[in-house]
Amino acid sequence: MSLRLPFFALALMVPLAACDSGAGEGAQQQGELGENKSGLAEAEVGEIDRAQAGTELPQLSFTDPAGNVLDFASLDGQPVLLNLWATWCAPCKVEMPSLDRLAQEMGSDLRVITVSQDMRGAELVEPYYAQQGFDNLEPWLDPKNTLDRALDNGGVLPLTILFGADGREVLRVKGGYEWDSEEAIALVSEALAGSGSAE
């Protein structure tokens, strides 16, 4: 017993770098962790990963709460920053405003697409978007987590992947990221220029 208590206390102090949905739907009910955070802690920031560069954007389609359809095949020729997130994932919620600001900053040069992995779909996502008042993000839904499986992600959120205009992956970040920082904007712009996706 004396060994368990310190270990348990230590576990509670470890910062949450990313969320894992692998525990099933019950895990999705945990959480308003980090709701009052104003930014990502150093340990929560994901790293740039180019190991899967060249992977094609999965040809899938998704709906929003109103039933509108987003077909990835229609994005041909347009650079895309694809973000998988969920309302129960604290780092996801912390980084969402920065994605909204990045979308504003990049304008028509980059389509920022956020796809919720919440199994309860619109029931959770629609009120969250209404509360946050995002100006540049749309609430796309993937309650069956088909996109997570197609990207071979293993349920770790947030996951953000930059695809060039050719529909191929340029880079990805598992974990939170300050997407509206000068460094991130420069990184995205440089990556798109390098992939032939920017003027």
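Each remark here, short or long, concerns the structure printed above.
Residues numbered from 1 in each chain as written. Predicted model: local features only at pLDDT ≥ 70, side-chain atom pairs only at ≥ 80, totals over all residues. Heavy atoms only, no water.

Within the chain, the secondary structure is distributed over 6 helices and 10 strands. For the chain, the residues scored as buried account for 45% of the 199 residues in total. Taking the contacts inside the chain whose residues are at least 6 apart along the sequence as the reference set, 74% of them involve residues at least 24 apart. (Helix = DSSP H or I, 4+ residues; strand = E, 2+ residues; numbered from the N terminus. Buried < 20%, exposed > 50% of the residue type's maximum accessible area, 1.4 Å probe, protein only. Contact = heavy atoms within 4.5 Å.)

Our focus in this paragraph is helix H3 (residues 90-106). Compared with an ideal rise of 1.5 Å per residue, which puts 17 residues at 24 Å, H3 spans 25 Å between its outermost C-alpha atoms and is within 8% of the ideal. Remark: the principal bend of H3, roughly 30°, maps to methionine 96, with a proline, proline 97, within the next four residues. When you tally the buried positions in H3, you get 13 out of 17 residues, the bulk of the element. At the exit of H3 stands glycine 107, carrying a positive phi of roughly 55°. (Expected span 1.5 Å × (residues − 1). Bend = angle between axes of the 7 residues up to and from the residue.)

A turn of α-helix holds 3.6 residues, and therefore any two residues three or four places apart point the same way. Within helix H4 (residues 122-132), burial applies to Val125, Tyr128 and Tyr129. The buried residues of H4 occupy an angular sector of 95° when projected down its axis, which confines them to one face. Opposite the buried face of H4, at more than 90 degrees from it, the exposed residues are Glu123, Ala130 and Gln131. Buried residues belonging to H4 abut strand S5 (80-85), H3, strand S6 (111-116) and strand S7 (139-141). In the stretch just after H4, glycine 133 is the one whose phi turns positive, near 65°. (Arc of directions from axis to C-beta.)

The next point concerns the packing of aromatic side chains. The relative placement of two aromatic rings is captured by the distance of their centres and the angle of their planes. With the rule as written, the count across this model stands at 6 aromatic pairs. Ring centres of phenylalanine 62 and phenylalanine 72 lie 5.4 Å apart, and the angle between their planes is 55°; on these two criteria the pair is classed as tilted. In this pair, phenylalanine 62 is assigned in strand S3 (residues 61-63) and phenylalanine 72 in the loop between strand S4 (69-71) and S5, connecting sequence segments 10 residues apart. This pair shows no difference in class: phenylalanine 62 is buried, exactly as phenylalanine 72 is. Look at tyrosine 177 and tryptophan 179: their rings are 4.7 Å apart centre to centre, the planes differ by 55°, and that puts the pair in the tilted class. Here tyrosine 177 falls in the buried class, since its relative accessible area comes to 15%. (Phe/Tyr/Trp six-rings, centres within 6.5 Å; stacked < 30°, edge-to-face > 60°.)

Counting residues in hydrophobic clusters, the biggest one holds 49 residues, and the most contacted among them are Leu82, Leu110, Leu162 and Trp179. If you list the elements that add at least two residues to this core, you get S5, H3, S6, H4, S7, strand S9 (159-163), strand S10 (169-174) and helix H6 (182-194). Not counting the four nearest positions on each side in its chain, tryptophan 179 is found in contact with Leu81, Glu95, Ser98, Leu99, Leu102, Thr160, Val173, Ala184, Ile185 and Val188. (Core = buried A, V, L, I, M, F, W, Y, C linked by side-chain atoms within 4.5 Å.)

On to the state of the cysteines. One pass over the structure, following the stated rule, counts 1 disulfide. Two residues, cysteine 89 and cysteine 92, share a disulfide whose sulfurs are 2.5 Å apart. Between cysteine 89 and cysteine 92 the disulfide shows an S-S torsion of about 75°. By sign, it is right-handed. (Disulfide = S-S within 2.5 Å.)

Positionally, aspartate 109 belongs in the loop between H3 and S6. Aspartate 109 sits 80 residues away from serine 189 along the chain, and the two C-alpha atoms are 9.0 Å apart. With residues near it in sequence (within four places) discarded, aspartate 109 still touches Pro79 and Leu192.

Once that is clear, we can look at the pattern of salt bridges. A side chain with one charge can pair with a side chain of the opposite charge if their charged atoms come near. Evaluated as defined, the whole model comprises 5 salt bridges. Residue arginine 168 is joined to glutamate 56 by a salt bridge in which the shortest nitrogen-to-oxygen separation is 2.9 Å. Of the two residues, arginine 168 is situated in the loop between S9 and S10 and glutamate 56 in the loop between strand S2 (47-49) and S3; the sequence distance between them amounts to 112 residues. Judged by relative accessible area, which is 36%, arginine 168 ranks as partly exposed. Between arginine 120 and glutamate 123 there is a salt bridge, with its nearest N and O atoms 2.5 Å apart. The class for arginine 120 is partly exposed, based on a relative accessible area of 31%. (Salt bridge = Lys/Arg side-chain N within 4 Å of Asp/Glu carboxyl O.)

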